[in-house]
Amino acid sequence: MCYGASMDAPSPRLTAEQWLARLFADDRPRHLGTGWLSGLLGIVLGLLALLAVLCLHFPQYLTLPELRGRYPLALVRLAIDVALLAAMGFAGLSMLLRRKKALGVAGLALAGAALLLGAGGVEIPRGGASAVYLGIDWFVLGVLSTAAVFVPLEGAFPHRREQAAFRRGWLTDTQYFFASHALAQVMSVAVLAPAVALGSVLAVTPVQDLIQSLPLVMQFALAVMVADLAQYAVHRAFHAVPVLWRFHKVHHSVEVMDWIAGSRLHLVDVIVTRGLVLLALLVAGFDQVAVYAYLALVSFHAVFIHANFVPRWGWLERWIAMPRFHHWHHGVEPEARDVNFAVHLPMIDRWLGTYHMPENRWPEGYGIAGERAPEGWMRQLVWPFRRR
Ligand SMILES: [Zn+2]
Ligand SMILES: [Zn+2]
């Protein structure tokens with residue numbers, strides 16, 4: 001399809017770092033030891049702590065009902081207080097190291113707001129449930145758990161060693177990460193309801209009986225295969241059909257690959273792809289446990305294949321999708337066009353003639369041809385609807 005040399009396209013956008021530098025009127029150097037990184041860490045931790053405190057105040061509006069009653073609250077309160085102290089520590093360090101204090105002041109302000117609102121000691125109000133809610137708790141948990149796995153992994157075994165954590169586009173991708181977690185209710189209604197309704201119409205009882213008679217482990221393995229075949233078909237259609245490509249090219253607009261880059265998916269892309277994959281699993285009739293196990297796998301694997309990470313076990317690349325396999329899917333080179341559509345099993349691409357894994361090589365760059373997406377979740381949400 002339409003990839004090509006976007007690397008030398010003019011760059012009208014600000015990188016997130018430049019944006020932050022402008023926001024804080026701070027154009028001082030940003031390398032290690034200048035107080036830039038500690039300033040950013042102070043802001044991130046202060047913001048997460050503030051969001052967690054707000055979740056304690058308004059659980060009915062800001063937390064998922066599926067998770068609400070299950071938290072070990074003593075641990076959550078301790079974590080909030082530790083995050084607050086760390087935020088203040090990092091912000092203070094930034095103010096010591098940096099002549100411009102705005103970054104440190106912002107971190108302190110966020111931590112201060114969380115402290116004023118009661119920090120980890122907030123009494124949880126008793127009250128009814130709300131019909132509409134955000135998954136702010138799901139977002140905070142998602143950031144902490146995913147970063148805990150992938151930041152050390154990318155730090156220890158990076159493909160591009162020079163790549164910064166706060167690289168071009170990170171703020172856009174963070175907005176996607178936020179939206180996909182915070183809007184969990186919208187996503188699950190839009191994905192689940194049509195799939196369940198259609199699934200019961202399309203179900204073939206003898207096939208479902210056969211599948212449910214299999215042991216769970218086999219059902220799980222089969223579910224991965226069925227889901228990846230469905231995902232392959234939908235993904236290929238998103239590349240081949242011009243109107244669908246308008247939505248999917250949002251995902252291909254990332255120009256730097258790392259764990260958070262995979263979050264960049266247009267809402268239409270997410271709903272159609274996840275809905276149809278789920279439909280395939282429901283029609284096949286897999287046990288709920290196998291479906292949940294598959295959902296847990298895909299939520300890890302879809303992040304993993306975007307990571308800036310070189311695994312030591314190259315021989316596995318042929319059988320299980322690794323970062324190099326999916327990085328080729330995002331490559332700007334002509335040789336990377338319409339290849340490696342699978343998320344889990346590269347063999348599907350081998351069967352269907354779209355497998356591309358040149359010996360020991362990675363793509364030179366990532367992105368879409370002659371075009372750059374606008375920055376920001378909202379702008380990218382309307383981008384497919386804009387006339388060229
Ligand atoms: Zn694609
Ligand atoms: Zn991708």
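Residues numbered from 1 in each chain as written. Chains lettered and ligands numbered in written order. Predicted model: local features only at pLDDT ≥ 70, side-chain atom pairs only at ≥ 80, totals over all residues. Heavy atoms only, no water.

Colleague: Can you walk me through the coordination of the zinc ion (ligand 2) in this structure?
Modeller: In ideal tetrahedral geometry, four donors around a metal make angles of 109.5 degrees, whereas ideal octahedral geometry with six donors gives angles of 90 or 180 degrees. Only H251 (NE2), H306 (NE2), H326 (NE2) and H330 (NE2) from the protein coordinate the zinc ion (ligand 2), and they sit 2.0 to 2.1 Å from it. Seen from the zinc ion (ligand 2), its 4 donor atoms lie at angles of 94 to 151 degrees, and the figure they make is irregular. Within one chain, the residues serving as donors to the zinc ion (ligand 2) are arranged as H-x54-H-x19-H-x3-H. Note that H251 is positioned in helix α12 (residues 242-252) and H306 in the loop between α14 (288-304) and α15 (323-329), a separation of 55 residues in sequence. Across the pair, H306 and H251 agree in class, each one buried. (Donors = N, O, S within 2.8 Å, 3.2 Å for Na, K, Ca; no water. Tetrahedral: all angles 85-135°; square planar, octahedral: opposite > 155°, others 65-115°. Helix = DSSP H or I, 4+ residues; strand = E, 2+ residues; numbered from the N terminus. Buried < 20%, exposed > 50% of the residue type's maximum accessible area, 1.4 Å probe, protein only.)

Colleague: Would you mind going over the pattern of salt bridges with me for this structure?
Modeller: Should the charged atoms of two oppositely charged side chains come close, the side chains can pair. Under the defined criterion, the tally for this structure stands at 5 salt bridges. When the shortest N-O distance is used, the salt bridge between R372 and E255 registers 2.8 Å. In this pair, R372 sits in the loop between α16 (346-351) and α17 (377-382) while E255 sits in the loop between α12 and α13 (267-284), placing the two residues 117 residues apart along the sequence. For R372, a relative accessible area of 19% puts it in the buried group. Its relative accessible area of 14% is what places E255 among the buried residues. Two residues, R361 and E335, come together in a salt bridge whose shortest N-O distance is 3.1 Å. Placement of R361 in the loop between α16 and α17 and of E335 in the loop between α15 and α16 is noted, with a sequence separation of 26 residues between them. Under the relative-accessibility criterion, R361 is labelled partly exposed at 37%. (Salt bridge = Lys/Arg side-chain N within 4 Å of Asp/Glu carboxyl O.)

Colleague: Would you mind showing me how to read the domain arrangement of the protein here?
Modeller: It is common to give the size of an interface as the accessible area lost on bringing the parts into contact. Splitting the protein by domain gives domain 1 (31-133) and domain 2 (179-385). The gap between the C-alpha centroids of domain 1 and domain 2 is 33 Å. (Domains from an automatic or database assignment.)

Colleague: Would you mind going over the packing of helix α10 (residues 205-212) against α13 with me for this structure?
Modeller: Between two packed helices, the angle of one axis relative to the other and the distance separating the axes together describe the packing. Contact geometry of α10 with α13 gives a least axis separation of 8 Å together with a crossing angle of 85 degrees. When the axis of α10 is compared with that of α13, the two are roughly perpendicular. Of the residues in α13, those touching α10 at V207, Q208 and I211 are L282, V283 and A284. Looking at the contact of α10 with α13 residue by residue, the class counts come to 5 nonpolar, 1 polar and no charged. (Axes fitted to C-alpha atoms, helices over the stretch in contact; angles between N-to-C directions. Parallel < 35°, antiparallel > 145°, perpendicular 65-115°, else oblique. Contact = heavy atoms within 4.5 Å. Nonpolar A, V, L, I, M, F, W, Y, C, P; charged D, E, K, R; others polar.)

Colleague: So what exactly am I meant to see when it comes to the coordination of the zinc ion (ligand 1) here?
Modeller: Around the zinc ion (ligand 1), the protein contributes the donor atoms H235 (NE2), H239 (NE2), H248 (NE2), H252 (NE2) and H329 (NE2), which lie 2.0 to 2.2 Å from the metal centre. The sequence pattern describing where the donors of the zinc ion (ligand 1) fall on their chain is H-x3-H-x8-H-x3-H-x76-H. Linking H235 in helix α11 (residues 216-240) with H252 in helix α12, this pair joins segments that are 17 residues apart in sequence. Across the pair, exposure class does not vary: H235 and H252 are buried alike.

Colleague: Explain helix α2 (residues 36-57) to me, please; I cannot follow it from the model alone.
Modeller: Each α-helix winds once per 3.6 residues, and so residues spaced three or four apart point in a common direction. In this model, α2 (22 residues) spans 32 Å end to end at C-alpha, consistent with the 32 Å of a helix rising 1.5 Å per residue. A large share of α2 lies buried, amounting to 16 of its 22 residues. (Expected span 1.5 Å × (residues − 1).)

Colleague: I tried to follow the packing of aromatic side chains on my own but got confused; where do I start?
Modeller: By convention here, two paired aromatic rings are described through the distance between centres and the angle between planes. As enumerated under the stated definition, the model contains 10 aromatic pairs in all. Between F177 and W259 the ring centres are 6.2 Å apart and the planes differ by 85 degrees, which places this aromatic pair in the edge-to-face class. Separated by 82 residues along the polypeptide, F177 in helix α8 (residues 170-182) and W259 in the loop between α12 and α13 bring together distant segments of the chain. Pairing F325 with Y355 gives two aromatic rings, centres 6.2 Å apart and planes at 35 degrees, and the pair type is tilted. On the criterion of sequence distance, the pair formed by F325 in helix α15 and Y355 in the loop between α16 and α17 is long-range, its members being 30 residues apart. On the basis of relative accessible area, Y355 is assigned to the partly exposed category, the value being 26%. Members of the aromatic cluster, joined through ring pairs, are F150, F157, F300, F304 and F309. Taking the ring centre of W319 as reference, the NZ or CZ of R318 above it sits at 5.8 Å. (Phe/Tyr/Trp six-rings, centres within 6.5 Å; stacked < 30°, edge-to-face > 60°. Lys NZ or Arg CZ within 6 Å of the ring centre and 35° of its normal.)

Colleague: Is there a simple way to explain unusual backbone geometry in this structure?
Modeller: In this structure, D338 is a non-glycine residue whose phi angle is positive, near 50 degrees. Relative to the helices and strands, D338 resides in the loop between α15 and α16. The class of D338 is partly exposed, set by a relative accessible area of 27%. Residue N340 is not a glycine yet carries a positive backbone phi of 50 degrees. If you trace the backbone, N340 turns up in the loop between α15 and α16.

Colleague: Which parts of the structure should I look at to understand a nonpolar patch on the surface?
Modeller: Taken together, L32, L37 and L41 make up a surface patch of nonpolar side chains, about 270 Å² in accessible area. Along the chain, L32 turns up in the loop between α1 (16-23) and α2. (Patch = residues over 30% accessible without salt bridge, like charges linked within 9 Å, V, L, I, M, F, W, Y side chains within 5 Å. Areas by Shrake-Rupley, 256 points an atom, 1.4 Å probe, with all protein chains shown as cover.)

Colleague: Mind showing me how you'd approach the confidence of the model for the protein here?
Modeller: In low-pLDDT segments, the atomic positions of the prediction should not be examined closely. Mean pLDDT for the protein: 90, with 96% of residues reaching 70 or above. Contacts for the low-pLDDT stretch residues 1-12, under 50 throughout, to residues beyond four places or in other chains number 39 contacts. (pLDDT = per-residue confidence, 0-100.)

Colleague: Help me understand the environment of Q60 in this model?
Modeller: As for its position among the elements, Q60 is in helix α3 (residues 59-62). In this structure the C-alpha to C-alpha distance between Q60 and P125, which are 65 residues apart in sequence, comes to 9.2 Å. Dropping the residues within four chain positions of it, Q60 is found in contact with R68, G128, A129, S130, V132 and Y133.

Colleague: I would appreciate a short explanation of the side chain of H301 in the present structure.
Modeller: Among the structural elements, H301 can be located in helix α14. Residue classification places H301 among the buried residues on the basis of a relative accessible area of 6%. Residues within four places of H301 in sequence aside, it is in contact with I320, A321, V343 and H344.

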